[in-house]
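Remarks on the overall topology
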Amino acid sequence: ITNAMLSPLKENDMNLPQPVLSPSKQASNPNAGNPGIPSFNPLAPSSEPSDEDIMLQLAGKTEKAAGGSLQGNFAKFRAERARQKKLARANKKHLKETPKTQEQKDALRIKFVEQCKKYMGVPYHPSYHKDPSSPYHGAPLYLDCCGLTRRALQDLAEDFGFVIGPGNQAYQFETCPEEVAEADLKPGDLIFTAGTYFKEGKKPQKHDMVHIEVFIGGGESGLQTIGARRQTGVVEILPSYKFESKSYKITKQYLRSLDTWLSGKCAPLLDPKYWETKFKTNTAHLDSCPDKKSVFDACDDDEDNNEGEALDENAKYFYVNKSNGWKLVSDALEKRGFTRLPFEYNFRTQFDLKWVEGRSAINYAQHQDGQLVNHISNNDVITNKIGLLTTLQDAYGADFPPAFFPMTYRLDRPADVLQMLENIEGDEENKFWIHKPSGKNCGKGIEVITSEAVKELVTKPKDEENNENAVPSGAVGEDGVIESRYSNLNLENGLVQKYLTKPLLLNGKKFDIRVYGLVSRCTPTQFTSFYHPGYVRLSLEDFTMDEARLGDKFVHLTNASVQKKHQDYKERGVESIWSFDQLGEYLVANGKAESKEAAIEDLNDKFQFVINSVLKSAKNKFNRKRGFFDLLGFDFMLSEDLSPVLLEVNTNPALHLDCKVMEDVIPNAVEETMDLVMKSHEMNEDGTEVLKSGKQIAEEVGGRFQLLNDTFDEGFDYAGRFGVGKGIDAVKALRLSPRSD
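So, here's what we can say about the structure. Treat the numbers as computed from the prediction; the structure is a model and nothing was measured. (Residues numbered from 1 in each chain as written. Predicted model: local features only at pLDDT ≥ 70, side-chain atom pairs only at ≥ 80, totals over all residues. Heavy atoms only, no water.)

Moving on to the overall build of the protein chain. Each helix and strand in the protein chain was counted, giving 23 helices and 22 strands. When burial is assessed residue by residue, the protein chain has 51% of its 741 residues classed as buried. Of the contacts formed within the protein chain by residues at least 6 apart in sequence, a portion of 67% connects residues at least 24 apart. Counting only carbon and sulfur atoms, one obtains 49% of the accessible surface of the protein chain, whose full area is about 33,700 Å². (Helix = DSSP H or I, 4+ residues; strand = E, 2+ residues; numbered from the N terminus. Buried < 20%, exposed > 50% of the residue type's maximum accessible area, 1.4 Å probe, protein only. Contact = heavy atoms within 4.5 Å. Areas by Shrake-Rupley, 256 points an atom, 1.4 Å probe, with all protein chains shown as cover.)

With that out of the way, let us pick up the environment of Ser576. Structurally, the position occupied by Ser576 is in the loop between helix H18 (569-572) and strand S18 (577-578). For Ser576 and Lys564, which are 12 residues apart along the polypeptide, the C-alpha to C-alpha distance reads 9.9 Å. Excluding residues within four positions of it along the chain, Ser576 makes contact with Val536, Arg537, Leu538, Leu540 and Tyr569.

Among the 11 residues that make up helix H6 (residues 145-155), 11 are buried, leaving the element largely enclosed by the rest of the structure. Listed in full, the buried residues belonging to H6 are Cys145, Cys146, Gly147, Leu148, Thr149, Arg150, Arg151, Ala152, Leu153, Gln154 and Asp155.

At a minimum axis distance of 10 Å, the contact between helix H21 (residues 660-680) and helix H22 (residues 694-701) shows a crossing angle of 135°. In terms of axis orientation, H21 runs oblique to H22. The handedness of the crossing between H21 and H22 comes out as right-handed. Residues Asp675, Leu676, Lys679 and Ser680 of H21 pack against Ile697, Glu700 and Val701 of H22. Looking at the contact of H21 with H22 residue by residue, the classes come out as 3 nonpolar, 1 polar and 3 charged. (Axes fitted to C-alpha atoms, helices over the stretch in contact; angles between N-to-C directions. Parallel < 35°, antiparallel > 145°, perpendicular 65-115°, else oblique. Left-handed = near helix turned anticlockwise from the far one by under 90°. Nonpolar A, V, L, I, M, F, W, Y, C, P; charged D, E, K, R; others polar.)

Next up on the list: the packing of helix H5 (residues 102-117) against H6. Direction vectors running N to C along H5 and H6 enclose 120°, while the axes themselves pass 9 Å from each other. With respect to each other, H5 and H6 are oriented oblique. Regarding H5 and H6, the two cross each other, and that crossing is right-handed. Taken together, the residues of H6 that come into contact with H5 (itself represented by Phe112, Gln115 and Cys116) are Leu148, Thr149, Ala152, Leu153 and Asp155. Residue composition of the contact of H5 with H6, grouped by class: 5 nonpolar, 2 polar and 1 charged.

Before going further, it helps to examine the sheet that holds strand S4 (residues 225-227). What links the strands of a sheet is backbone hydrogen bonding, and the strands pair in either a parallel or an antiparallel sense. Reading across the sheet, the 5 strands line up as S5-S4-S3-S2-S6 and stay open at both edges, with antiparallel pairing between neighbours. Whereas interior strands pair on both sides, the edge strands pair on one side only; in this sheet they are strand S5 (236-238) and strand S6 (248-256). In this sheet, neighbouring strand axes are inclined to one another by 35° on average, regardless of whether the strands run parallel or antiparallel. Lying over the sheet, H6 contacts strand S2 (190-197), strand S3 (209-215) and S4, oriented at roughly 45° with respect to S3. (Pairing = 2+ DSSP bridges.)

This part is about the pattern of salt bridges. Counted by the stated rule, this structure contains 41 salt bridges. Arg256 is the partner of Glu179 in a salt bridge, and the nearest nitrogen-oxygen pair spans 3.9 Å. One end of the pair, Glu179, is in the loop between helix H8 (169-175) and S2; the other, Arg256, is in strand S6, with 77 residues separating them in the sequence. Residue classification places Glu179 among the exposed positions, given a relative accessible area of 60%. The exposure class of Arg256 is buried, given its relative accessible area of 7%. For Lys692, the salt bridge goes to Glu682, with nearest N and O atoms at 2.9 Å. Placement of Lys692 in the loop between H21 and H22 and of Glu682 in the loop between H21 and H22 is noted, with a sequence separation of 10 residues between them. (Salt bridge = Lys/Arg side-chain N within 4 Å of Asp/Glu carboxyl O.)

Okay, the sheet that holds strand S13 (residues 447-450) next. Across the sheet, 4 strands lie side by side as S11-S15-S12-S13; this open sheet has antiparallel pairing. Two strands bound the open sheet, and with one partner strand each, they are strand S11 (408-410) and S13. The average undirected angle you get between the axes of adjacent strands in this sheet is 30°. Across the sheet, helix H13 (residues 385-396) lies against S11, strand S12 (432-437) and strand S15 (494-498), angled at about 115° from S11, the strand it touches most. Packed onto the sheet, helix H15 (residues 451-458) meets S12, S13 and S15 and runs at close to 100° relative to S13.

Let us now look at the nonpolar core. In this structure, Phe112, Trp261, Ile382, Leu615 and Phe634 are the most contacted members of the largest nonpolar core, which totals 109 residues. Examining the composition of this core, we find that 9 residues originate from one element, helix H20 (residues 596-618), more than from any other. Not counting residues up to four positions away in its chain, the partners in contact with Leu615 are Ile382, Val519, Phe527, Ser529, Phe622, Leu632, Phe634 and Leu708. (Core = buried A, V, L, I, M, F, W, Y, C linked by side-chain atoms within 4.5 Å.)

Of all 9 residues making up strand S19 (residues 630-638), 9 are buried, and the element is well covered by its neighbours. Covered by surrounding structure in S19 are Asp630, Leu632, Phe634, Phe636 and Leu638 together with Leu631, Gly633, Asp635 and Met637, the residues of both alternating faces. In the sheet, strand S16 (residues 509-522) pairs with S19 via 7 bridges, with the strands oriented antiparallel. What sits directly across from Leu518, in S19, is Leu631.

The subject of this paragraph is the packing of aromatic side chains. The description of an aromatic ring pair uses the distance of the two centres, along with the angle that the planes make with each other. Going through the model one piece at a time under the given rule, you end up with 18 aromatic pairs. Between Phe112 and Phe160 the ring centres are 6.0 Å apart and the planes differ by 85°, which places this aromatic pair in the edge-to-face class. With Phe112 in helix H5 and Phe160 in helix H7 (residues 157-160), this pair connects stretches of sequence that are 48 residues apart. Across the pair, exposure class does not vary: Phe112 and Phe160 are buried alike. Ring centres of Tyr396 and Phe404 lie 6.3 Å apart, and the angle between their planes is 75°; this geometry places the pair in the edge-to-face category. Classification of Tyr396 as partly exposed rests on a relative accessible area of 25%. Here the aromatic cluster, defined as three or more aromatic residues joined through ring pairs, consists of Phe112, Phe160 and Phe162. Its guanidinium or amino end placed over the ring of Tyr274, Lys206 lies 4.2 Å from that ring's centre, counting from NZ or CZ. (Phe/Tyr/Trp six-rings, centres within 6.5 Å; stacked < 30°, edge-to-face > 60°. Lys NZ or Arg CZ within 6 Å of the ring centre and 35° of its normal.)

Next up, the structure:
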């Protein structure tokens, strides 16, 4: 704890709203009215507090407010953090162990093949291209036969559920035990070749395994593969897996199914001790990157998650953590007959509804079917920057990007980086990009850069003498990025996205629009979603593409957390939030619309179209279970021709009320969310579900939320049950203006 961290807080930092327990709880709770560890200001930007922030709260004024010592409060906080980390690990394990459906496996099989194809043209190995006259001298990336399969697996580690070890084709052979007949080969299956080298003295490979290729089928033979077969060649499509080599005599070829990997299993079976010794590690490295150790791991324990007073079986209980508009949530639920659990019950698994900022505060492994929790367990398939990109890439395939999403490249996958470098070379019309590191919020790390800066960001200085930048293949960097063995690329967890240089401006200011998408029901048999309009957020500085001001966040970033740091925010902050009515009036006054009502309707239609497209893209990726729901914040910009441009999807949209505009939007969104969720999960007295269509739910609740989509599984007779077609897609089929690119 540094001296800076021990500096006293301002007096008014402690004057925050304190929890108000339900009357039924006040008598039995000895801590009622005791502030304990002070919460964060709900009017502050919505974000996860850092450990340092909490330590500041624990220091100085905290002793006086909580009546305890700094050491005691730190111990309390340390135990809390340890339990949070333990819960995060349990959730991670639970998600990994959730079996994939056959549909998901089939999709991943295709995705694996397509990922391999992205590396076509990548040269074999730098040692064969040391001569500067070689066309592949100083190439940004090299992949040999096992390097191709390893790289494709590493790119798709999130999908497969493991990070493959750094071993060669012999190692990969041991991890794929399931044999398959030639007639039963499917695209993505693996062809392992065993052989003996012609060159005397050359050390044999383990199991004599000399080569691997990926089966894709097709061609004249029907036995095409993709691989790196020629030492001076490149990754390419080959006419058949049957071939003769100049370097070794083929003794046997093994046809192995990809199904083992598709099931999330990857461990050497024939000689695990050998690989354990070779890598100086153990098979734990096959799991995803481990959490970094910290002082807060020391308190890991097995405390009972349901400590505290017994609950009334006839009452309905909810838990809300004390942050980001918790009072709105609490009031809405208490009005609907729920009783709030004390804040210190955050790890309790007995509740009827839980509303928290992030998934890490929900114990999904112990979630009981029907318990309402406000986050889908893997909503990061759209709420994470890379997750959203991947979901849209998977959904749109060769048609990516859709008109509402800028061209975007992942920086942790060599294939994406190579494609980006190829596309930006000589492109003078699109010279500005926005760099977004992954896993950060509130505008942290985001920067607008030029094409030249992009190149410098992703390429390493070349070692001209050795023509390679070798790192251990499969090594995991500090930010979780999986490196390639021979690469001149800088990989990082993040993305680069084409920057909108000509956005629609309001009085010369850049702006974005926050609207809401609600998934009210996400079960294996039914998926129901709704839309709610929101508000407009303006920057406080005039927009300019002057390169000297590319680093000015007040010009280019509209995040509330950024704009609140502007020196004039206190005086001008209110003018940075507009209502939809104000936006509509501005569009009419500036010749962009004929009437305010028409302008608002047009924008709402466009936002609904995009949100529906995103949720439908993610629908089959979401973990589906009765009780899951999610209120998501969707952020948009508008181009000069009023086309919507999706920026991101937020798992924890801000619920604080900074001005009258937000007071008109947010409380209503919270109240109606509760009604729609309750109606979507109604139960009969005998414990069976009350099956309702999204249309019925929307009509019963009314209000501002509008139905987006209501679909059932293929086995459900929607028409027979509700008298209409196969599910409802309530969004108008809009034709968005095509982008210039």
